[in-house]
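The residues making up each chain are set out below.
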Protein chains: 2
Amino acid sequence: EHPEQIPGYTYGTDAASDAPLTMEELDRLKEAVWLTADDEQALREAAGILADQADDMVTAYRARLHEQPWLAPYSGHPDGTPNPEYGAASKPRFDRWIIDACTRPLDQDWLNYQYEIGLRHTKAKKNKTDNADSADQIPLRYLLSFTAVVIATARDYLGAKGASAEQVDRMHSAFTKSVMLHVTVWTRAYVDPANW
Amino acid sequence: EHPEQIPGYTYGTDAASDAPLTMEELDRLKEAVWLTADDEQALREAAGILADQADDMVTAYRARLHEQPWLAPYSGHPDGTPNPEYGAASKPRFDRWIIDACTRPLDQDWLNYQYEIGLRHTKAKKNKTDNADSADQIPLRYLLSFTAVVIATARDYLGAKGASAEQVDRMHSAFTKSVMLHVTVWTRAYVDPANW
Ligand code: HEM
Ligand code: HEM
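What counts, and at which threshold
Residues numbered from 1 in each chain as written. Chains lettered and ligands numbered in written order. Predicted model: local features only at pLDDT ≥ 70, side-chain atom pairs only at ≥ 80, totals over all residues. Heavy atoms only, no water. Axes fitted to C-alpha atoms, helices over the stretch in contact; angles between N-to-C directions. Helix = DSSP H or I, 4+ residues; strand = E, 2+ residues; numbered from the N terminus. Parallel < 35°, antiparallel > 145°, perpendicular 65-115°, else oblique. Contact = heavy atoms within 4.5 Å. Nonpolar A, V, L, I, M, F, W, Y, C, P; charged D, E, K, R; others polar. Least-squares fit on C-alpha atoms with pLDDT ≥ 70 in both. Polar contact = N/O pair within 3.5 Å; in protein donor to acceptor, adjacent residues only side chain to side chain. Near = heavy atom within 4 Å. Core = buried A, V, L, I, M, F, W, Y, C linked by side-chain atoms within 4.5 Å. Buried < 20%, exposed > 50% of the residue type's maximum accessible area, 1.4 Å probe, protein only. Donors = N, O, S within 2.8 Å, 3.2 Å for Na, K, Ca; no water. Left-handed = near helix turned anticlockwise from the far one by under 90°. Buried area = accessible area lost by both parts, 1.4 Å probe. Salt bridge = Lys/Arg side-chain N within 4 Å of Asp/Glu carboxyl O.

1. Some words on the packing of helix α2 (residues 37–50) of chain B against helix α5 (residues 84–103) of chain B
Angle between the axes and distance between the axes: these two values describe a pair of packed helices. Residues and elements named next belong to chain B. In contact at an axis separation of 7 Å, α2 and α5 are set at 155 degrees when each is read in the N-to-C sense. Considered as vectors, α2 and α5 are oriented roughly antiparallel to each other. Between α2 and α5, the contacting residues are Leu43, Arg44, Ala46, Ala47 and Leu50 on the first element and Ile98, Ala101, Cys102 and Thr103 on the second. For the contact of α2 with α5, a count of residues per class yields seven nonpolar, one polar and one charged.

2. Some words on the relation of the copies chain B and chain A
Overlaying chain B on chain A yields an RMSD of 0.0 Å, the required transformation being a rotation through 180 degrees with an accompanying axial translation of 0.0 Å. Within this description, the copies of the chain are treated as partners about a two-fold rotation axis. Every residue of chain B has its C-alpha some distance from the rotation axis, and the shortest such distance is that of Val191 of chain B, at 2.9 Å. Take the interface residues of chain B: 100% of them recur as interface residues in chain A, which is what a same-surface contact looks like.

3. Structural notes on the side chain of Arg141 of chain B
Summarising the element assignment, Arg141 of chain B is placed in helix α7 (residues 140–158). In terms of polar contacts, Arg141 of chain B uses its side chain to reach the side chain of Glu25 of chain A, at 2.8 Å. Not counting residues up to four positions away in its chain, the partners in contact with Arg141 of chain B are Glu25, Leu29, Thr184 and Trp196 of chain A.

4. Quick look at the site of ligand 1
All names here are of chain A. Around ligand 1 there are 20 residues in total, and Tyr86, Arg93, Tyr113, Arg120 and His121 lie nearest to it. Residue Arg93 places a side-chain N or O atom 2.6 Å away from an oxygen atom belonging to ligand 1. Here an oxygen atom of ligand 1 and a side-chain polar atom of Tyr113 are 2.6 Å apart. Put simply, the parts of the chain that give the shell around ligand 1 at least two residues each are α5 (84–103), α6 (108–119) and α7 (140–158). The class makeup of the residues in the shell around ligand 1 is 13 nonpolar, four polar and three charged.

5. Focus on the nonpolar core
Leu50 and Phe175 of chain A together with Leu50 and Phe175 of chain B are the most contacted members of the largest nonpolar core, which has 124 residues in total. Discounting chain neighbours no more than four positions away, the residues touching Leu50 of chain B are Met57, Ile98, Cys102, Tyr157, Leu158 and Phe175 of chain B.

6. A word on the coordination of the iron atom of ligand 2
There is one protein donor for the iron atom of ligand 2, namely His121 of chain B (NE2), at 2.2 Å. Inspection of the secondary structure puts His121 of chain B in the loop between α6 (108–119) and α7.

7. Description of the packing of α7 of chain A against helix α8 (residues 165–187) of chain B
One can describe the packing of α7 of chain A onto α8 of chain B by two numbers: an axis separation of 9 Å at closest approach and a directional angle of 165 degrees. With respect to each other, α7 of chain A and α8 of chain B are oriented roughly antiparallel. Crossing angle aside, the handedness with which α7 of chain A passes α8 of chain B is right-handed. Contact residues: α7 of chain A offers Arg141, Leu144, Ser145, Thr147, Ala148, Ile151, Ala152 and Arg155 of chain A, while α8 of chain B offers Asp169, Ser173, Thr176, Lys177, Met180, Thr184 and Thr187 of chain B. In terms of residue class, the contact of α7 of chain A with α8 of chain B is built from five nonpolar, six polar and four charged.

8. Comments concerning the interface of chain B and chain A
Taken together, the 38 residues of chain B in the interface contact 38 residues of chain A. Regarding the contact of chain B and chain A, the summed buried area is about 3600 Å², with carbon and sulfur atoms giving 62% of it. The salt bridge partner of Glu31 of chain B is Arg64 of chain A, with a shortest N-O separation of 2.7 Å. Between chain B and chain A we count 22 residue pairs in polar contact (both at pLDDT 80 or more) in total. Contributing elements (two or more residues each) for the side of chain B that touches chain A: α1 (23–33), α7 and α8 of chain B. Looking at the side of chain B that touches chain A, the element that brings in the most residues is α7 of chain B, giving 13 residues. Across the side of chain B that touches chain A, the residue classes break down as 19 nonpolar, 10 polar and nine charged.

Here is the structure:
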């Protein structure tokens with residue numbers, strides 16, 4: 001409700017990194033995921049359905065990540081023991097991202113904060129926002145592969161409030177495109193610009 | 001039907017590159033996308049539905065790519081003019097990938113050929129199989145962002161043969177996970193191993 005009160009959430013502020021991407025490049029990525037005006041409308045509708053489920057969604061993602069012991073050092077302490085403080089500190093920002101992914105206009109603030117989220121998964125900025133001692137980078141392959149879980153599990157949440165099957169299809173397709181657009185921009189922080 | 005007759009399709013042969021990934025790493029990626037035994041069963045069912053639609057699917061993907069003029073140099077000549085020979089030569093392999101993504105066991109041959117497909121989108125091997133003069137690398141951001149189209153459009157193809165909504169959900173979820181698993185492995189060819 002009051003995202004400006006989420007600690008470390010610097011969307012739209014000067015504290016978010018300047019993205020090394022132009023608005024033209026963003027327009028092209030929007031075309032590449034094929035995000036249409038109807039998808040943008042469907043995302044606004046999805047926001048209403050997901051808003052009070054976002055916290056549960058992130059809880060479920062993390063439960064699934066915790067089933068993979070080799071991932072423990074990335075969200076816990078470097079030896080893999082749990083760090084509930086770090087998890088609690090970053091969770092409201094992750095929750096907020098779900099709403100943002102359905103509602104934020106694709107402008108320069110969007111671009112800057114998505115670049116910032118990418119950096120926060122890499123050596124450049126991971127752990128810094130919450131002063132954690134966790135492993136210093138999520139390997140790109142886990143970020144990408146876990147995207148499948150975020151996309152595939154979204155369907156049930158989108159269907160949980162009685163929307164018709166056709167409406168759920170429409171929102172799920174739009175959400176898929178939005179998630180891939182976000183994650184694609186996040187990967188910029190991992191890759192030599194000549195290859196990205 | 002006879003994949004071994006597809007020119008340049010080196011699945012399971014010594015001509016495919018040796019993937020610099022272990023089977024343990026593959027098992028972890030399979031966990032990361034959350035590909036379950038039920039998903040593997042659903043993929044086998046999807047194969048039956050998609051087999052005779054694969055060619056149409058790839059035609060539709062390419063039609064969509066062609067709507068983005070800035071992508072033309074990657075599949076056409078470097079100046080963006082069309083290269084139908086290159087398109088025709090690579091299409092049967094792309095078609096075959098759709099079947100493979102639903103049917104192939106996740107073994108060393110799989111790993112090697114997925115790494116090979118990644119290389120074939122990069123400077124390392126793009127154009128070589130078909131002797132084309134196209135731009136020498138698909139930027140990673142387009143590979144990733146276009147994945148949204150492959151995933152989102154799959155639903156209608158999966159539903160085109162009368163499967164129940166529940167069955168389509170199940171196959172679509174499994175297909176989403178399989179696509180992300182493939183694309184994740186392909187990205188290895190683009191990224192410094194320390195970040196991947
Ligand atoms: C598609 C997959 C993923 C999504 C959508 C996602 C999303 C997010 C978001 C939105 C944040 C908050 C960023 C901020 O506003 O500060 C975040 C932070 C974080 N994520 Fe991810 N994430 C993904 C994959 C992963 C994976 C695979 C792991 C662990 C193995 C992970 C671990 C973390 C951690 C530890 C943080 C806190 C980073 C920090 O220190 O600032 N994430 N993630
Ligand atoms: C998720 C997105 C994508 C998928 C699933 C995909 C899939 C494939 C597959 C399976 C092949 C055949 C590989 C082989 O067996 O030789 C291929 C080759 C190719 N793809 Fe992609 N591709 C994707 C994105 C793109 C994009 C965005 C472009 C163009 C902008 C593109 C252009 C090509 C070209 C030109 C080839 C031939 C490569 C060569 O010279 O060997 N692909 N793709």
